Amino acid sequence: SVTVPGIRAALDGHQVVYLRVSPEVGFARVMGSARPLLAGDDPRGTYVRLLAQRCKGYDSAATATVDADQPLAGVVAAVLAAVDADTRARKDNPA
């Protein structure tokens, strides 16, 4: 998780695609799963709160962001395009 400083540091300099998902779609995808952080009386509220807390870290770690609310084929195409664009940019501007 990008909330762990060592993991966040290890991501620096690498291609990182943030699959941004809305709270509604994200919760619908995990609803009913056995996720310990969502155990309790208000799993939806907990999910929304956790997502809000983590978004800034996800944004700062990402070299590209893709809307993951769209159908899977669109997500895959957008990820591939983002990685390709980042790869080209890195070749054109080596560190």
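Owing to the predicted nature of the structure, the values given are computational and were not obtained by experimental measurement.

K.L.:
Give a detailed account of the nonpolar core, specifying residues and quantitative values.
P.N.:
If you look at the biggest cluster of nonpolar residues, it comprises 10 residues: V21, F27, V30, L38, Y47, L50, L51, V66, A68 and V75. Put simply, the parts of the chain that give this core at least two residues each are α2 (23–30) and α3 (43–61). If you tally residues by element for this core, the top one is α3, at 3 residues. With sequence-adjacent residues up to four places away left out, A68 is seen in contact with L19, R20, V21, R29 and V75.

K.L.:
Break down the layout of surface pockets for me, citing the residues and quoting the values.
P.N.:
Its boundaries defined by the atoms lining it, the largest pocket holds a volume of some 400 Å³. Along the wall of the largest pocket there are 16 residues; nearest its centre are V30, R35, Y47, R54 and Y58. Looking at the lining of the largest pocket, the elements that each hand over two or more residues are β1 (17–20), α2 and α3. For the lining of the largest pocket, the element with the most residues is α3, which contributes 5 residues. A class-by-class count of the residues in the lining of the largest pocket yields 12 nonpolar, 1 polar and 3 charged.

K.L.:
Please provide a residue-by-residue account of the environment of A62, values included.
P.N.:
Inspection of the secondary structure puts A62 in the loop between α3 and β2 (64–67). Beyond its immediate chain neighbours, meaning those up to four positions away, A62 contacts V16 and Y18.

K.L.:
Account for the side chain of D86, naming residues and giving values.
P.N.:
Within the fold, D86 resides in helix α4 (residues 72–92). Setting aside residues no more than four positions away along its own chain, D86 makes contact with Q15 and T63.

K.L.:
Any chance you could break down the pairing of β2 for me, citing the residues and the numbers?
P.N.:
Only one face of β2 is covered, namely the face carrying A64 and V66; the face carrying T65 and D67 is uncovered. Pairing geometry for β1 and β2, over 4 bridges, is parallel. Each bridged residue has a counterpart across the sheet, and for Y18 the counterpart in β2 is T65.

K.L.:
Got a sec to walk through the side chain of S22? Specific residues and values, please.
P.N.:
Along the chain, the position of S22 falls in the loop between β1 and α2. Using a relative accessible area of 17% as the deciding quantity, one classes S22 as buried. A distance of 3.2 Å separates the side chain of S22 from the backbone nitrogen of V25, its partner in a polar contact. Sequence-distant contacts of S22, defined by excluding residues within four places in its chain, comprise L51 and D69.

Rules used throughout
Residues numbered from 1 in each chain as written. Predicted model: local features only at pLDDT ≥ 70, side-chain atom pairs only at ≥ 80, totals over all residues. Heavy atoms only, no water. Core = buried A, V, L, I, M, F, W, Y, C linked by side-chain atoms within 4.5 Å. Buried < 20%, exposed > 50% of the residue type's maximum accessible area, 1.4 Å probe, protein only. Helix = DSSP H or I, 4+ residues; strand = E, 2+ residues; numbered from the N terminus. Contact = heavy atoms within 4.5 Å. 1 Å grid on protein atoms, 1.4 Å probe; cavity = no way out; pocket = protein on both sides within 12 Å on 5 of 7 lines; lining within 4 Å. Points joined across faces, edges and corners; volume = space filled by probe spheres on them. Nonpolar A, V, L, I, M, F, W, Y, C, P; charged D, E, K, R; others polar. Pairing = 2+ DSSP bridges. Polar contact = N/O pair within 3.5 Å; in protein donor to acceptor, adjacent residues only side chain to side chain.

Just geometry here; none of it tells us what the structure is for.
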